[in-house]
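Secondary and tertiary structure notes
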4 protein chains.
Amino acid sequence: MNAENFGSSERLVTAAYVRQGAQGRRAHELRLRALLEQGKCPEDGWDESTIELFLHELAIMDSNNFLGNCGVGEREGRVASGLVARRHYRLIHGIGRSGDISAVQPKAAGSSLLNKLTNSVVLDIIKLAGVRTVTNCFVVPMATGMSLTLCFLTLRHKRPKAKYIIWPRIDQKSCFKSMITAGFEPVVIENVLEGDELRTDIEAVEAKIKALGAENILCVHSTTSCFAPRVPDRLEELAVICANYDIPHIVNNAYGVQSSKCMHLIQQGARVGRIDAFVQSLDKNFMVPVGGAIIAGFNESFVQEISKMYPGRASASPSLDVLITLLSLGASGYKQLLKERKEMFSYLSSELKKLADNHNERLLDTPHNPISLAMSLKNLDENNDVAVTQLGSMLFTRQVSGARVVPCGSVQTVNNYTFKGFMSHANDYPCAYLNAASAIGIKKQDVDVFLKRLDKCLKTSKKEKIQI
Amino acid sequence: MNAENFGSSERLVTAAYVRQGAQGRRAHELRLRALLEQGKCPEDGWDESTIELFLHELAIMDSNNFLGNCGVGEREGRVASGLVARRHYRLIHGIGRSGDISAVQPKAAGSSLLNKLTNSVVLDIIKLAGVRTVTNCFVVPMATGMSLTLCFLTLRHKRPKAKYIIWPRIDQKSCFKSMITAGFEPVVIENVLEGDELRTDIEAVEAKIKALGAENILCVHSTTSCFAPRVPDRLEELAVICANYDIPHIVNNAYGVQSSKCMHLIQQGARVGRIDAFVQSLDKNFMVPVGGAIIAGFNESFVQEISKMYPGRASASPSLDVLITLLSLGASGYKQLLKERKEMFSYLSSELKKLADNHNERLLDTPHNPISLAMSLKNLDENNDVAVTQLGSMLFTRQVSGARVVPCGSVQTVNNYTFKGFMSHANDYPCAYLNAASAIGIKKQDVDVFLKRLDKCLKTSKKEKIQI
Amino acid sequence: MNAENFGSSERLVTAAYVRQGAQGRRAHELRLRALLEQGKCPEDGWDESTIELFLHELAIMDSNNFLGNCGVGEREGRVASGLVARRHYRLIHGIGRSGDISAVQPKAAGSSLLNKLTNSVVLDIIKLAGVRTVTNCFVVPMATGMSLTLCFLTLRHKRPKAKYIIWPRIDQKSCFKSMITAGFEPVVIENVLEGDELRTDIEAVEAKIKALGAENILCVHSTTSCFAPRVPDRLEELAVICANYDIPHIVNNAYGVQSSKCMHLIQQGARVGRIDAFVQSLDKNFMVPVGGAIIAGFNESFVQEISKMYPGRASASPSLDVLITLLSLGASGYKQLLKERKEMFSYLSSELKKLADNHNERLLDTPHNPISLAMSLKNLDENNDVAVTQLGSMLFTRQVSGARVVPCGSVQTVNNYTFKGFMSHANDYPCAYLNAASAIGIKKQDVDVFLKRLDKCLKTSKKEKIQI
Amino acid sequence: MNAENFGSSERLVTAAYVRQGAQGRRAHELRLRALLEQGKCPEDGWDESTIELFLHELAIMDSNNFLGNCGVGEREGRVASGLVARRHYRLIHGIGRSGDISAVQPKAAGSSLLNKLTNSVVLDIIKLAGVRTVTNCFVVPMATGMSLTLCFLTLRHKRPKAKYIIWPRIDQKSCFKSMITAGFEPVVIENVLEGDELRTDIEAVEAKIKALGAENILCVHSTTSCFAPRVPDRLEELAVICANYDIPHIVNNAYGVQSSKCMHLIQQGARVGRIDAFVQSLDKNFMVPVGGAIIAGFNESFVQEISKMYPGRASASPSLDVLITLLSLGASGYKQLLKERKEMFSYLSSELKKLADNHNERLLDTPHNPISLAMSLKNLDENNDVAVTQLGSMLFTRQVSGARVVPCGSVQTVNNYTFKGFMSHANDYPCAYLNAASAIGIKKQDVDVFLKRLDKCLKTSKKEKIQI
């Protein structure tokens, strides 16, 4: 209500009480003001009431919600279903314009504000999470893989001759496909085994660049967050090589925002060498539904070029989700989640070690991986090769989700490229193993229940093995 | 957003678009302004977006939603469940104060406004529906029956000697109980049969008053809306008698707001004689959930006295429901519903007549009842007395709701009072019958499906009878 | 989805995954099963997803949601506004029948289940909270005061000669009005001062009974929860007197469910003497919106008699709120809230004592009051009698809610009865004071902020006094 | 509730009523069953209650909603904000797997069902809208432009030598960018003027193919729905050429589903020649929020190849929106919308003609364009070249949205390609003009208000011109 309406209310309700109410309203306005002016994630989270009021205010700034609007275009933000209108808070026009996904829409001042604020708040959080010198970013309603594709497609225009992408191997289909879809030939660099860890073969990368010729290489495509025993790529060294050979460098930071280590690697890489863009998942880092990614970088104009490559308007849904989430958590809430994740990682790590010992297995020693752990499954694997995959099914039917069982020697062909030892990031990793991760939002109960069920499954497996 | 926040938005989004958005907001504010200043139901309904914004604005005026509030009382509007908070739009403090259900609460300016506006809008609709000289009213979160009880309890303080309530018979339990619960002795006036209609026996009323002595009578308790073949009481004559003998007159107008005839009776009664209060159901007249009533009257101070009799704060839920409903319908939408109801009454009437003829039955001739119809069930009743109630069950299991089957001669005792011919408003109505009504919100489809199913059931009944 | 639909789903999605999904569904069904069979509050709270599914299931059992229903009655559960339908989960028919608020409705199996389950779960919680021998109860959508009125009106039919209600004084308007509204004459028993506490004058009660004659007394109307320095009535002694003189005993337990002491008093009273019914607020004990109460007792048939006194159907809204809340908290969650309240009471008590000392005031010594505290305002009161009420306003405008400032010697007339020293429960309590309470849901932050603001206000008041 | 729970309910509520309730539930199940078994859009729309129940059922089949789930993966569908969880009905896992956007997810049987059903229902609607021989399709959460890009990227793998895309000119940025982003060189074919219409220059297309060599051409990229005076491409002729030269053919059918003419063109093209895929917007055809498209085709394996090109999981939000919308409209509701659109087109056409005549302008004669109309702005343009764009601003500030003003001779460079006469689809269209369209969901009120405001603006413009 504006001042006039508060005035009118005093006819009906004691003026002192109305003034108290107006005062109450003002506090919400001040929060909103700080957001609009600073463009930062508020330190303390907003309650649902403020968030909903804010979204309501944005919505009535869009032309589809104008009481007197008449629409004679081909896209007027009309909604046939009330259920749909409500779940989007009547923000229907999406984000961006046909020319640029970050652009402002004349028809939709509210949605445009939403888009700007989301990108601004997300940028603030990326800084807070460790990449302090990031210059800009935008949320795009596409998977991490498709967002990497968009980066590669943008680079094509800058490096018309390039055909190859240098890619230290990581066995995750969408990473590989992101290059195939963009129309490039991935040059797979096998990892080297250091202790239990699989790490970037820096020398092989440099050798390959020399062999192929820098101008034929679109970019280096490296990875931070990954399943153990692979560990984040040696970003600093890669970034230096990229700088030296003048090759772009795109980092797949899929679920790395939640780890200060991953973010530190990016920050360091950018400081000492070259990183053009780093891409991260919304759902994996911010506890929102699947479907969005953040493309961020250190060079404002390059990030803008990427945003201008997206042809058409786009769904505002992922932006809306992450904005609601960050406003509701606040910076302090998000930091708290990061802290808890780290603590749970330590807990999972020490408990899984004990369990491994009990079962005559080993927690693989992968100190460079801050999120994922691996426990050997030697005993299971030795006498009976189906036992490992059976363990996987057993865990699945017992409602353990996310525990990944990796047998030895599986072979898979993805888009005509054959991977030996698929899932293990190496042609022949020494043993079968099981992965468990401590990802953002994990609770102690998840860990405890997981360990209990795993213990039970391993015992059952053993018995069955003996019976066989 | 206030002006400052729109200003801040212009840093992020083209100023012209933001101004357009601010303009959009203004239109919603203007609607609200008109409501606050005129206190009338808007002619055209509001869209959901305006209504929700309005409720949101009210909510943040209540202390439980103040961002900086600290509460050290015994009732602070805290809500344990988010589901509950949301479904009440965070309006938690209810309506009224311990002294008066219509009073303003210091802690809750928003809820207080809600209460005042609801009563004001409802008053406007009562006028529009035909009782033009009503002076005030209030919504109370109690059934019609309990609201009548509250009226009687209020009258007790004005007529300490009175023990009796004169009540032209209507066979609906809660009407009768409303007097019993208040602690009075109902004096039942049997109706007279005029043609098929059961009508008020005015002479018996007057005779009874003389017999008991006016000062011993708390009030006359008359009824408008009722099941045919009973018809609305002769309000004018009753009101004149009440005026003559200086006896209060309370009208049970349960679902009469939807009928211009019922409303006209009240208006006329008040014009020529005496009506102290008339009570109507919210759910039956305004298509909201069960649970509220409106107590209205022609004398401001008497209606206030009633509102001051309710000890304690009360649920805002029925007020909220009726306010949302009336704002969303608008006066024009409500009038349209009234119009459609009347048309459906005619349609139901003519179609039911045809069906009755086909089955050798009669649509009873009850021109004074504007809502309910009755069709004789003579053939069914004659040879086999359970057939009538069986027809009721058959209709129930075929998902016909509200069709009421009335056998002859059933006897029921309610609070020690024995009613012969219960349900038929008379000791021995000439025949069994079936009731069907055209109530607000009824659709042509309801009528058509009802007639089809009834036809089928009657045929089945006949066959069964023959087999017996 | 039923088994057939899961089967059909396997055509579209891998059977193993569908079975996993069906398994997931089963877990929700089992929760619901336990509720239906045991009728108890589940130990662990349900998540929103289970609750909403449950409400949805209830709703589609009501005839207004039948896909093939046709309605020709005067009340068909039609809803004009989608906003209204949704906020009630499409449960429109309310609770009870015209004959009995606890009765089952043929048209609304789902709403009827809701009503039964709510009363059953609430009964379970009352036992858990300390009144172990309670036999039944029902939720009624009326304020505590109006619910007390209903109890008195029920008693009238059992004691037709009775005119008086014995009432140990408590200065809260709706308690007093509950008797007036029911048409009885309250016989006020002044409290006795013991130390700082105001306690029941047992001898005066008994003397009054003798003087008036037991048969002329409707009941004793006692109170548990109240503002310090009044403390809960001596229920045991009152209950014994009631038993001895064969007088009904109704307890106003407004916000006493949250205190094990209040509940213990009721349990003891019923054990050693007579308590017919005890009435408690829903909002004050269960953190739901204002508007409902629970009427409970030890004699099943008497409680049923009360429920049969309510004439008409009633709003299901308060029942729905409390059911959602208790299912979402679970018994353990509710007990946790009770525990936290108790801890906060200790904290508030010790901190308020310190603050009082600093300001040369006293925390009144009221060990029998488990919820409310009082701090003297002697210095403020001495030189300047408006200062006390000014302090109240200062706290109000600083968004301190619920802190109640009680000056000496205010006089108020309620329904023709004049109370000296109104608000202080005594004709002349020795000093002015300020109340603060630790009610369910209070947070440490409430206490801390309150103390800080109070400290500031007291300092300001002092300065102003000096200036005067 | 399952059968056991209904059984348990009979302990609490009369068995006959519970059975009636179970019957009510069954009707909802049957609807769902038909959907699961037939995979078609139901003829009659579902009410919100059935839709929400259905979504609820889907959600509890996903592992993130399992009551006993423990998650130790990197993506567990956890949601930080309740607002976000609710607005997605707790369907968090998105659609597809890293390998294929149409694939089933083990963790999320419910979301997988949603995905399958959506694609199936949408396919049914495409057939119903006129492309009867379509074989499969999928919803992708990307703009139409980006979806075209995905098609082109898929074709690249089949035609590794190809560098060009043949593109009959349409002045809409994202169409052009879709090719640029995919890394191809658009070969612009200027349109020919036939009467007022701009139509495909079939001969130029064929000449260009010959000149460049078929194997160097990735595909022909044609367009149906477009702004007048351009009209849909001559799809039949283009399809025949594509078949003859063995060149793929991708159709941009952006908002063509709403027009039987556009759909007929596609059906005919596929019958007589070659169409590989046709892409349409969700928001423009189905009244849902911006952000999704449908990729459809006549060859099942090719459409699958496209779906396998999307690297990563994707947002389920657009799928959810369109499914809700189609279930709520039903096939009959959608057909009704198409019918109304067509009627409004006629109305807009005749009324705009009258208005044009009144202002001495012409409604351009564009019989082949079934959606968009153009009215000349000769008088405005003649004496004063800014007047045309001023008219655009005037309409914008008067809350006319979608009316597009096209001046003569504007030049724009998009990704280094310079378009003369940009916006008019031709280097020098004879006159300036204004576009208005009749798009799905338009109301008579839109047309009437538009005409009134346009009339006013034109009069104002004229006056201003005179003053100048």
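Quick caveat: nothing in here was measured; it's all calculated off a predicted structure. (Residues numbered from 1 in each chain as written. Chains lettered and ligands numbered in written order. Predicted model: local features only at pLDDT ≥ 70, side-chain atom pairs only at ≥ 80, totals over all residues. Heavy atoms only, no water.)

1. Considerations on the overall build of chain A
Each helix and strand in chain A was counted, giving 16 helices and 16 strands. Relative to its length of 468 residues, chain A is compact, with a C-alpha radius of gyration of 25 Å against a globular reference of 23 Å. For chain A, the spread of C-alpha atoms along the principal axes amounts to about 85 × 55 × 40 Å. The proportion of buried residues among the 468 residues of chain A is 68%. If you take every contact in chain A between residues at least 6 apart in sequence, the share linking residues at least 24 apart comes to 71%. For chain A, the exposed surface amounts to about 15200 Å²; the carbon and sulfur share of it is 48%. Looking at charge distribution, chain A has the averaged site of its 56 positive side-chain charges lying 3 Å from that of its 48 negative ones. (Helix = DSSP H or I, 4+ residues; strand = E, 2+ residues; numbered from the N terminus. Rg over C-alpha atoms; globule rule 2.2 N^0.38 Å. Buried < 20%, exposed > 50% of the residue type's maximum accessible area, 1.4 Å probe, protein only. Contact = heavy atoms within 4.5 Å. Areas by Shrake-Rupley, 256 points an atom, 1.4 Å probe, with all protein chains shown as cover. Lys, Arg positive; Asp, Glu negative; His and termini not counted. Charge placed at Lys NZ, Arg CZ, Asp CG, Glu CD.)

2. Let's talk about the packing of aromatic side chains
Enumeration according to the criterion identifies 44 aromatic pairs over all chains in this entry. Judged by centre distance (5.8 Å) and plane angle (80°), the ring pair of W46(B) and F54(B) falls under edge-to-face. Where W167(D) meets F176(D), the ring centres are 5.5 Å apart and the plane angle is 50°; that geometry is what we call tilted. Classification of W167(D) as buried rests on a relative accessible area of 0%. Each residue in the set W167(A), F176(A), Y417(A), F419(A) and F422(A) is aromatic and connected to the rest through ring pairs, giving one cluster. We note R404(D) situated over the ring of F227(D); from NZ or CZ to the ring centre the distance is 3.8 Å. (Phe/Tyr/Trp six-rings, centres within 6.5 Å; stacked < 30°, edge-to-face > 60°. Lys NZ or Arg CZ within 6 Å of the ring centre and 35° of its normal.)

3. Things to note about helix α12 (residues 300-309) of chain A
Residues and elements named next belong to chain A. Of all the residues in α12, the buried ones are F302, V303, I306, S307 and M309. Buried residues along α12 cover an arc of 155° about the axis, so they all sit on one side. With a side-chain oxygen positioned 3.0 Å from the backbone nitrogen of S301, the residue opening α12 is N299. (Arc of directions from axis to C-beta. Polar contact = N/O pair within 3.5 Å; in protein donor to acceptor, adjacent residues only side chain to side chain.)

4. Comments concerning the interface of chain A and chain B
With 49 residues of chain A at the contact, the number on the chain B side is 49 residues. A combined buried area of about 4700 Å² lies between chain A and chain B, and 62% of that area is made up of carbon and sulfur atoms. Seen at the junction of chain A and chain B, the total is 12 salt bridges. Across the salt bridge formed by E48(A) and R86(B), the nearest N and O atoms sit 4.0 Å from each other. Summed over the shared surface of chain A and chain B, the result is 20 residue pairs in polar contact (both at pLDDT 80 or more). When contributions to the side of chain A that touches chain B are tallied by element, the ones reaching two or more residues are α1 (3-9), α2 (15-38), α3 (48-59) and α5 (109-128) of chain A. If you tally residues by element for the side of chain A that touches chain B, the top one is α2(A), at 15 residues. Per-class residue counts for the side of chain A that touches chain B are 19 nonpolar, 15 polar and 15 charged. (Buried area = accessible area lost by both parts, 1.4 Å probe. Salt bridge = Lys/Arg side-chain N within 4 Å of Asp/Glu carboxyl O. Nonpolar A, V, L, I, M, F, W, Y, C, P; charged D, E, K, R; others polar.)

5. Section: the interface of chain B and chain C
Contact with chain B, which involves 91 residues of that partner, is made by 92 residues of chain C. Counting the surface lost from both chain B and chain C, the interface buries some 7600 Å², and carbon and sulfur atoms represent 61% of this. Broken down residue by residue, the surface that chain B buries against chain C is led by V72(B), E74(B) and R87(B), which jointly contribute 11%. There are 6 salt bridges connecting chain B and chain C. Between D446(C) and R78(B) there is a salt bridge whose closest N-O contact spans 3.4 Å. Put simply, chain B and chain C have 45 residue pairs in polar contact (both at pLDDT 80 or more) between them. Classifying every residue of the side of chain B that touches chain C gives 43 nonpolar, 29 polar and 19 charged. For strand β12 (residues 400-401) of chain B and strand β1 (residues 70-71) of chain C, the ladder comprises 2 bridges, and the chain directions are parallel. Residue pairing for β1(C): S401(B) is matched across the bridge by G71(C). (Pairing = 2+ DSSP bridges.)

6. Re the UniProt feature "modified residue: N6-(pyridoxal phosphate)lysine" (unreviewed entry) in chain A
Using the residue numbers shown here, the UniProt feature "modified residue: N6-(pyridoxal phosphate)lysine" (unreviewed entry) corresponds to K284(A). Tracing the backbone shows K284(A) in helix α11 (residues 282-286). With a relative accessible area of 14%, K284(A) lands in the buried category. Residues within four places of K284(A) in sequence aside, it is in contact with A254(A), Y255(A), Q258(A), I440(A), E74(D) and R75(D). (UniProt positions renumbered as here; feature names shortened; annotations may be inferred.)

7. Digging into the pairing of strand β8 (residues 249-252) of chain C
Residues and elements named next belong to chain C. The two faces of β8 match: H249 and V251 on one face and I250 and N252 on the other face are all buried. As defined by bridge partners, strand β7 (residues 217-223) adjoins β8 across 4 bridges and the pair is classed as parallel. Its bridge partner being in β8, T223 is matched across the sheet by N252. As for the winding sense of the linkage, the β-α-β connection from β7 through helix α9 (residues 235-245) to β8 is right-handed. Crossover handedness for the path β8 to helix α10 (residues 260-272) to strand β9 (residues 277-281): right-handed. (Right-handed = clockwise from strand over helix to strand, strands pointing away.)

8. Digging into the relation of the copies chain A and chain B
Expressed as a screw transformation, the operator carrying chain A onto chain B has a rotation angle of 180° and an axial translation of 0.0 Å, and the superposed copies differ by an RMSD of 0.0 Å. With respect to symmetry, the two chain copies, as superposed, fit the operation of a two-fold axis. Most of the interface of chain A is mirrored in chain B, where 100% of its interface residues are also at the interface. (Least-squares fit on C-alpha atoms with pLDDT ≥ 70 in both.)

9. Some points on unusual backbone geometry
What is expected of a backbone is that most residues other than glycine have negative phi and most peptide bonds are trans. Each neighbour pair has its own omega, and for A228(A) with P229(A) the value is 10°, a cis peptide bond. Relative to the helices and strands, P229(A) resides in the loop between β7 (217-223) and α9 (235-245). Notably, Q399(B) is not glycine yet its phi reads approximately 60°, a positive angle. Looking at where Q399(B) falls in the secondary structure, it is placed in the loop between α15 (387-397) and β12. Residue M287(C) is not a glycine yet carries a positive backbone phi of 55°. Turning to its location among the elements, M287(C) is positioned in the loop between α11 (282-286) and β10 (293-297).

10. Considering the sheet that holds β8(C)
All names here are of chain C. Read from one edge of the open sheet, 7 strands run β2-β10-β9-β8-β7-β3-β4, paired in mixed fashion. The sheet is open, and its two edges are formed by β2 (136-140) and β4 (185-189), each paired on a single side. Pairs of neighbouring strands in the sheet enclose a mean axial angle of 20°, with direction left out of account. Pairing geometry for β2 and β10, over 5 bridges, is antiparallel. Residue V140 lies in a different strand from β10, and its bridge partner there is A293. (Axes fitted to C-alpha atoms, helices over the stretch in contact; angles between N-to-C directions.)

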